[in-house]
Amino acid sequence: MGTPDEMGVLLVGLGLVMYAVSAGADFGGGVWTALASGPRADEQREALFQAIGPVWETNHVWLVYIIVALFTCFPRGFEALSIALIFPLVFSLVGVNFRGAAFVFRHFGRHKGARIPGVEAVFSISSVLTPFFMGMAVSSIAGGRIRVAPSGPALSGQAMPYWGAADWITPFTIVGGLIGLSVCAYLTPIYMAARTAGGLRDDFRRRAIAGALALGFLTAIEVVVARFDAPLFFWRFVRPLPLALAALAAFCGCLTLVLLLRRAYGAARWVADFAVAFTIAGFAAALYPYMIIGQLSLAQAAAGRQAILAVLTTLPIGAALLAPSLFLLYRTFAMNLISGGPGDN
Amino acid sequence: MENLLFARTLMGISLGFHIVYVAFGIGFPLLLLVSELLALKTGNEQYHRLARSWTRPMTMLFAIGAVSGTILSFELGLLWPRFMGFSGQMIGLPFWLEGFAFFTEAIFIGLYIYGGNRLSRRALLLCTVPITIASAASAIFVISANGWMNSPGGFTPAGLGAADVRPWRALANKAWAHEAIHGALATYVAASFAIAGVYALRLLRKGRGGMSPDRPGPTNFNLSRPGLSLSLAVGGLLVPLMLVTGDYSATWVARQQPAKLAAMEIVPRTTRGAPMVIGGWLDETTGQIRYGLQVPKLLSLLAFHDPDARVLGLDAFPPALRPDANKVHPLFDLMVFSFFVMLAPSVWFWIARWRKKDVFASRPLLASIVIASPFGLVAQEAGWMVTEFGRQPWIAYQVMNVSNGVTPRSVEWVLVLFVLVYAALTAGLLKLLLAPEAKAGAPDEEEKY
Ligand code: HDD
Ligand code: HEM
Ligand code: HEM
């Protein structure tokens, strides 16, 4: 801790965790809208929509935070990733975009009394595809396949051949994409169980348990896949710190299951967030000190010291401004956030 | 080279799309503030209802503004990775600060919109203050990044990169002040005129005796009058400032980016006492201006406050470093023309009101407002194109060429994809904004009144 690029890692990591636990839960809303079933399917959809409506935009800010923190603190890394991952990034972006739009259209379409046909499908499809492609993009930086194009203008002007265009599609990244998806599918029903009641709550509880099992299963599989498909990552992963973090993640995952079985939803919520945070931390610890494994180190990617310091010094000022505002927001709507959000007054 | 063209086209389309929504994201908050303040000060409930009636379009436009902004922040990397690898550490800070501003805005918009029944009037008014400040701050910060591209500073060039980065110096670059002032005011002008146009149109339709097809119910007609007065008060007050701040921008451009000025005003050859050219175009082969109206010495006077000042012409720059005058000049004229188109009806409206005429019944007046209403957005798009085309071929003025900033990946498919995305978004949004609302279903807040 101490060098600017290490602080930069913390900043980006904070963004990743916050985006995963907040927006991840929103994406999960789309996943479970698609999978809504049983006698209360419509209620499930309605509750999901009501819960996400007022908060998705605030949660979405974390995505932009990640991008900006990346190009400010690690400009060369941002450059390399933007070139290497153009496909999954464009696909996720289209998803982000349609999902946001679908929200708006569904909200205002509903007020008109008629649902706009197709909007719900767009919402669900983009909620599934986006975390999947994001998961692929994130895991491909550890997959060991993507190459960093030489820096500088030498290559520019003429287009790169499509070689390497599929670098990011490997068994490791496909499981990575599924992990991204299951993080979302795991978080949402836990949040929802905490804020609903009765039969609906039981529905979400069952879905939460399914989500927890899926996430645990997939992360375990990923380690095995890494052994064959991403050996560089695997051997960096089986070191004490990454393993310890992974163990914490697994512990939190199991604890959520126990809490869910005992219907302690409030606690389950927190523990679930920590499970996701430790998963990301374990991944990052294995990757460290690389930004793109075997290709680009964080130090090579990092900005000048002053640039990172400027970001760090403004962070507490910004936070001091935001914290009371957020507090006000939550206090004003506290009652309703529990019972389903203020979306409909 | 083709790839560069695709990348530039996509960047231009995305920014052109974003700026429309963002204009409302900045403009509506100011109108909200004024409106709620009036309601509280005068006790006239109509102003409060007016403000609340904007929550629906505002949330929609705000959300599209946010997603299109997200696309942009990715595009910086996807289209211009070489540029960002170099400049991210300099222009990152303004985007970072913008994040705080945007977040603050989002929080208080949430409070204002959903707190309609939960917060006191005074609290609602207080919510509009941080919304207004934060949205303007967003614009001012982002524009600093663009200012840096026009006047890069705060670093020492070192090989392909930058050393000794001073981010605060980069933030407070030389182009920031004039671009931020002129550019932020432009968003207010653009939004208020567009909104005024909607109300003027409603009054016109009502005058014809028919019901407005989009807003059934008597209450909405009543809102048209305060709506028109308020938006035209804000727009009309600010429009003259566009000339003042635009002139300030021009004097800056004249000193710092002479090639841009030469393209803006078509100055083929370096001249003393340069004329102002209105209309016309540059014949590239002969280097002559065709069909333009020329006002002697005016350009020297306006740009340097001296009728005999020497103005650098395009011939002072090697052909590869000249921006395309035939793009920049017509767009500049369009911006200035739009200014007059908006100025006229606002002056007319306020003089007529001052002379106690019934402005809301005067059809020619209402029609002229309707005609002027898109021109704020038009001027804003045109002005940005002047700035951006006029900077060519530089992505960072005199530091990096656009062709050195662009991605080595092929991006034509991204261009096609995003054009489709934008088309779908626009179509959906227009459908929602124009569709008849409130036939059934949960009542909208505005309809409770
Ligand atoms: C409502 C919109 C609007 C209106 C009525 C005007 N402008 Fe403008 N102008 C803009 C909206 C705008 C803008 C879109 O906001 C720009 C783009 C970049 C910037 O700083 O502001 C701009 C840029 C811009 C620039 C280039 C600045 C640069 O590249 O650094 C100049 C010289 C002017 N303007 C001058 C004028 C003049 C002399 C006007 C006379 C009436 C005028 N503008 C009206
Ligand atoms: C919203 C108003 C804006 C509009 C309408 C706009 C428009 C455009 C257009 C048309 C281009 C293509 C230029 C060409 O092909 O010659 C462009 C390029 C670009 N703009 Fe802007 N722009 C805006 C604001 C900004 C801001 C605030 C930034 C801040 C970073 C920015 C960054 C860029 C970049 C990086 C390019 C690509 C490089 C280049 O072509 O020089 N733009 N913009
Ligand atoms: C390259 C240029 C630009 C980029 C990368 C960009 C990026 C963004 C992003 C990411 C957001 C959403 C914020 C979030 O979700 O956290 C946003 C919103 C916004 N942007 Fe831009 N932007 C650009 C140009 C501009 C320009 C030229 C202006 C104003 C003149 C502007 C003003 C705003 C405002 C006011 C918002 C708040 C949303 C709203 O009110 O609708 N941006 N922008």
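Below is a summary of the structure that appears in this document. None of the values given here were measured: they were computed from a predicted structure.

Now for the nonpolar core. Residues and elements named next belong to chain B. W80, F83, W96, W148, L228 and F418 are the most contacted members of the largest nonpolar core, which totals 225 residues. The greatest single-element share of this core, amounting to 20 residues, is contributed by helix α4 (residues 81-114). Judged by nonpolar contacts, the second largest core, of 27 residues, contains M276, A303, V311 and M335.

Here the focus is the site of ligand 2. Residue and element names in this part refer to chain B. Taken together, 23 residues surround ligand 2, and among them R8, L15, E388, R391 and Q392 come closest. Between N146 and ligand 2, the recorded distance is 3.4 Å, taken from a side-chain N or O atom to a nitrogen atom. Interatomic distance of 2.8 Å between a side-chain N/O atom of R391 and an oxygen atom of ligand 2. When residues of the shell around ligand 2 are traced back to their parent elements, those giving at least two are α1 (2-42), α4, α5 (121-150), α13 (375-391) and β9 (394-396).

Bringing the coordination of the iron atom of ligand 1 into the picture now. Residue and element names in this part refer to chain B. Protein coordination at the iron atom of ligand 1: the donors are H182 (NE2) and M335 (SD), at 2.0 to 2.3 Å from the metal. Bound by 6 donor atoms, the iron atom of ligand 1 shows angles of 83 to 179° at the metal and therefore octahedral coordination geometry. Separated by 153 residues along the polypeptide, H182 in helix α7 (residues 176-207) and M335 in helix α11 (residues 325-354) bring together distant segments of the chain. Assigned by exposure class, H182 and M335 land together as buried.

Let us now look at the site of ligand 1. All names here are of chain B. Surrounding ligand 1, one finds 24 residues, the nearest of these being H178, H182, K260, M335 and Q380. At 2.8 Å, a side-chain N or O of H178 approaches an oxygen atom of ligand 1. One of the side-chain nitrogen or oxygen atoms of T387 is found 3.2 Å away from an oxygen atom of ligand 1. The set of elements that each furnish at least two residues to the shell around ligand 1 consists of α7, α8 (218-256), α9 (258-264), α11 and α13.

Donor atoms from the protein around the iron atom of ligand 2 number only one, B:E388 (OE), found at 2.3 Å. Among the structural elements, B:E388 can be located in helix α13.

A word on unusual backbone geometry. With an omega of 5°, the peptide bond between A:Y288 and A:P289 qualifies as cis. Following the sequence through the fold, A:P289 ends up in the loop between α11 (265-287) and β1 (290-292). Although it is not a glycine, A:R263 adopts a positive phi angle of roughly 60°. Within the element layout of this structure, A:R263 appears in the loop between α10 (240-261) and α11. Positive phi values are uncommon outside glycine, yet B:I266 reaches one of about 45°. Residue class for B:I266 comes out buried when judged on its relative accessible area of 2%.

We now examine the environment of B:L72. Relative to the elements of secondary structure, B:L72 occurs in helix α3 (residues 55-79). Along the backbone, B:L72 and B:R269 are 197 residues apart, and their C-alpha atoms lie at a distance of 38 Å.

The subject of this paragraph is the packing of aromatic side chains. By the definition in use, this model includes 32 aromatic pairs over all chains. Taken together, a centroid distance of 5.5 Å and an interplanar angle of 40° make the contact between A:F233 and A:F283 tilted. Of this pair, A:F233 sits in helix α9 (residues 231-237) while A:F283 is found in helix α11, placing the two residues 50 residues apart along the sequence. Considering the side-chain rings of B:F17 and B:Y422, the 4.3 Å spacing of their centres and the 35° angle between planes classify their relative orientation as tilted. Here B:F17, found in helix α1, pairs with B:Y422, found in helix α15 (residues 412-434); they are 405 residues apart in sequence, far enough to count as distant. For B:F17, a relative accessible area of 10% puts it in the buried group. Of the residues examined, B:Y422 reaches a relative accessible area of 4% and is grouped as buried. Taken together, the ring pairs connect A:F87, A:F91, A:F132, A:F133, A:W168 and B:W413 into an aromatic cluster. The ring of A:F228 has A:R227 lying over it, and the distance from NZ or CZ to the ring centre is 5.8 Å. Across the ring face of B:Y112, the terminal group of B:R52 is positioned such that the distance to the ring centre comes to 4.6 Å.

This part is about the packing of α1(B) against helix α2 (residues 45-53) of chain B. All names here are of chain B. Put simply, α1 and α2 touch, their axes get as near as 7 Å, and they point 155° apart. Classed by the angle they form, the pair α1 and α2 counts as roughly antiparallel. In terms of crossing hand, the pair formed by α1 and α2 is left-handed. Listed contacts from α2 to L32, S35, E36, L38, A39 and T42 of α1 are Y47, H48, L50, A51 and R52. Broken down by class, the residue content of the contact of α1 with α2 amounts to 6 nonpolar, 3 polar and 2 charged.

Here we come to a nonpolar patch on the surface. Residues and elements named next belong to chain A. There is a patch of nonpolar side chains on the surface, built from I169, I174 and L178 and spanning about 220 Å² of accessible area. When you line up the elements, L178 lands in helix α7 (residues 171-195). Residue L178 is classed as partly exposed on the basis of its relative accessible area, which comes to 34%.

Moving on, we get to the environment of A:T173. Residues and elements named next belong to chain A. Its location among the elements puts T173 in helix α7. For T173, a relative accessible area of 1% puts it in the buried group. Counting along the chain gives 34 residues from T173 to S139, while the straight-line C-alpha distance between them is 5.4 Å. Contacts of T173, omitting those with residues within four sequence positions, involve M136, S139, S140 and W168.

Residue and element names in this part refer to chain A. Summed over all chains, the structure comprises 0 disulfides over all chains. Cysteine C184 is unpaired, with the sulfur of C252 as its nearest cysteine sulfur at 18 Å. Residue classification places C184 among the buried residues on the basis of a relative accessible area of 4%. Unpaired in this structure, C254 has its nearest cysteine sulfur neighbour in C252, at a distance of 9.3 Å. The exposure class of C254 is partly exposed, given its relative accessible area of 48%.

What counts and how
Residues numbered from 1 in each chain as written. Chains lettered and ligands numbered in written order. Predicted model: local features only at pLDDT ≥ 70, side-chain atom pairs only at ≥ 80, totals over all residues. Heavy atoms only, no water. Core = buried A, V, L, I, M, F, W, Y, C linked by side-chain atoms within 4.5 Å. Buried < 20%, exposed > 50% of the residue type's maximum accessible area, 1.4 Å probe, protein only. Helix = DSSP H or I, 4+ residues; strand = E, 2+ residues; numbered from the N terminus. Near = heavy atom within 4 Å. Polar contact = N/O pair within 3.5 Å; in protein donor to acceptor, adjacent residues only side chain to side chain. Donors = N, O, S within 2.8 Å, 3.2 Å for Na, K, Ca; no water. Tetrahedral: all angles 85-135°; square planar, octahedral: opposite > 155°, others 65-115°. Phe/Tyr/Trp six-rings, centres within 6.5 Å; stacked < 30°, edge-to-face > 60°. Lys NZ or Arg CZ within 6 Å of the ring centre and 35° of its normal. Axes fitted to C-alpha atoms, helices over the stretch in contact; angles between N-to-C directions. Parallel < 35°, antiparallel > 145°, perpendicular 65-115°, else oblique. Left-handed = near helix turned anticlockwise from the far one by under 90°. Contact = heavy atoms within 4.5 Å. Nonpolar A, V, L, I, M, F, W, Y, C, P; charged D, E, K, R; others polar. Patch = residues over 30% accessible without salt bridge, like charges linked within 9 Å, V, L, I, M, F, W, Y side chains within 5 Å. Areas by Shrake-Rupley, 256 points an atom, 1.4 Å probe, with all protein chains shown as cover. Salt bridge = Lys/Arg side-chain N within 4 Å of Asp/Glu carboxyl O. Disulfide = S-S within 2.5 Å.

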